[in-house]
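A closer look at the structure
In case you want the letters, here they are:
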Amino acid sequence: MSHPTTATDLVERYAALREQIDTLGEHYGRDRCDLELLAVSKTRTSAEIRACAAVGQRQFAENYLQEALVKIEECAELLLTWHFIGRIQRNKTREIAGNFSWVHTVDRPQIAQRLHDQRPRSLGPLNVCIQVNLDGAENKGGVSEQQLPELARVISGFDGLRLRGLMTIPEPVDDLTHQRQPYRRLAQLRDQLAREWPGLDTLSMGMSADMEAAIAEGATLLRIGTGLFGPRNQATATTASAS
Ligand SMILES: *Cc1c(COP(=O)(O)O)cnc(C)c1O
């Protein structure tokens with residue numbers, strides 16, 4: 001059984017994780033300012049998020065909208081930056097556009113259109129990453145490489161959105177060499193698009209198990225959950241995914 005992460009656990013894990021990221025960044029010649037940690041807080045409580053904020057973490061990512069909205073409200077006075085990294089259902093775009101600063105999982109024009117229409121203008125443009133499906137697995141989100149340039153063109157035409165870069169979730173593999181391949185490809189695709197849209201400064205890639213591969217290939221936003229908060233409680237995760 002996993003137990004709720006205590007504040008003391010978090011202080012230690014956060015320091016260790018930061019150090020690990022710094023060490024890897026240095027090893028792969030990365031500039032510290034270009035490598036940010038996103039704390040993936042799905043299934044975690046507001047208390048855990050507060051503990052993490054208390055040691056200096058500002059950016060949090062959530063997958064499930066209903067669960068996220070509760071925590072965003074409970075932590076409102078901390079002025080954290082919230083990223084949406086889950087599958088986007090059509091009927092959820094209004095709440096996503098109104099409550100998040102970033103969305104990483106835009107993969108079709110209709111969703112981009114809705115986010116643009118529904119973004120409250122007082123909040124400024126919503127930062128968007130396009131999710132790319134690099135392995136062609138049909139059951140998962142992401143635009144194909146072939147459709148990527150067209151989607152980038154559509155998004156750049158919306159002033160409610162600011163196209164920031166690309167995101168991907170590769171099939172899990174164990175060894176570093178294979179882990180690096182999809183991330184290298186994503187970086188190439190971003191570089192190609194950035195010739196036309198220079199604002200594409202973001203590569204959202206790398207999770208706890210393949211952080212090194214992502215850092216090596218140029219990740220700018222690492223999405224780390226278990227590496228920071230410890231193992232997720234499966235029962236909680238299942239309930240949450242139904243929301
Ligand atoms: C859960 C999740 C993560 C974090 O995964 P860990 O293995 O816990 O680090 C990152 N990205 C996405 C899209 C996720 O759903």
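The structure this text deals with has already been given above.
Quick caveat: nothing in here was measured; it's all calculated off a predicted structure.

So, the overall build of the chain
- Along the chain, the regular secondary structure elements total ten helices and eight strands.
- Over its C-alpha trace the chain gives a radius of gyration of 17 Å, about what one expects of a compact globule, namely 18 Å for 243 residues.
- When its C-alpha atoms are laid out on the principal axes, the chain stretches across 45 × 40 × 35 Å.
- Residues counted as buried form 50% of the 243 residues belonging to the chain.

Notes on the site of the ligand
- Near the ligand there are 13 residues, and of these Lys42, Asn63, Ser208, Gly225 and Thr226 occur at the shortest range.
- Asn63 places a side-chain nitrogen or oxygen 2.7 Å from an oxygen atom of the ligand.
- Separating an oxygen atom of the ligand from a backbone N or O atom of Thr226 is a distance of 2.8 Å.
- The residue makeup of the shell around the ligand, split by class, is six nonpolar, four polar and three charged.

Some details on helix α7 (residues 176-196)
- Counted at 1.5 Å a residue, the expected span for α7 with its 21 residues is 30 Å, and the 31 Å between its end C-alpha atoms agrees.
- Here α7 has its buried residues at Gln179, Pro182, Tyr183, Leu186, Ala187, Leu189, Arg190 and Leu193.
- As for α7, its buried residues are in contact with α6 (148-156), β6 (161-167), β7 (202-204) and α8 (211-216).

Some points on unusual backbone geometry
- Phi at Thr43 takes a positive value of approximately 70°, unusual for a residue other than glycine.
- Considering the arrangement of structural elements, one finds Thr43 in the loop between β1 (36-40) and α2 (46-54).
- For Thr43, a relative accessible area of 14% translates into the label buried.

So, the pattern of salt bridges
- According to the stated counting rule, one finds 14 salt bridges in the structure shown.
- Between Arg108 and Asp107 there is a salt bridge; the shortest N-O distance is 2.9 Å.
- Take Arg108: its relative accessible area is 33%, and that puts it in the partly exposed class.
- Using a relative accessible area of 15% as the deciding quantity, one classes Asp107 as buried.
- In this structure, Glu217 engages Arg184 in a salt bridge whose closest nitrogen and oxygen atoms are separated by 2.9 Å. One end of the pair, Glu217, is in the loop between α8 and β8 (221-224); the other, Arg184, is in helix α7, and 33 residues separate them in sequence.
- Here the salt bridges do not stand alone but share partners, grouping Glu62, Glu67 and Lys71 into one network.

Looking at the side chain of Glu62
- If you trace the backbone, Glu62 turns up in strand β2 (residues 59-62).
- A distance of 3.0 Å separates a polar atom in the side chain of Glu62 from a polar atom in the side chain of Lys71.

Comments concerning the environment of Trp82
- With respect to the secondary-structure elements, Trp82 resides in strand β3 (residues 81-84).
- For Trp82, a relative accessible area of 5% corresponds to the buried category.
- A sequence separation of 44 residues divides Trp82 from Leu38, and the C-alpha atoms of the two residues are 9.3 Å apart.
- Every residue in contact with Trp82, bar those within four places of it in the chain, is listed here: Ser41, Ile49, Phe60, Glu62, Lys71, Ile72, Cys75, Asn99, Phe100, Ser101 and Trp102.

Reading guide: rules and limits
Residues numbered from 1 in each chain as written. Predicted model: local features only at pLDDT ≥ 70, side-chain atom pairs only at ≥ 80, totals over all residues. Heavy atoms only, no water. Helix = DSSP H or I, 4+ residues; strand = E, 2+ residues; numbered from the N terminus. Rg over C-alpha atoms; globule rule 2.2 N^0.38 Å. Buried < 20%, exposed > 50% of the residue type's maximum accessible area, 1.4 Å probe, protein only. Near = heavy atom within 4 Å. Polar contact = N/O pair within 3.5 Å; in protein donor to acceptor, adjacent residues only side chain to side chain. Nonpolar A, V, L, I, M, F, W, Y, C, P; charged D, E, K, R; others polar. Expected span 1.5 Å × (residues − 1). Contact = heavy atoms within 4.5 Å. Salt bridge = Lys/Arg side-chain N within 4 Å of Asp/Glu carboxyl O.

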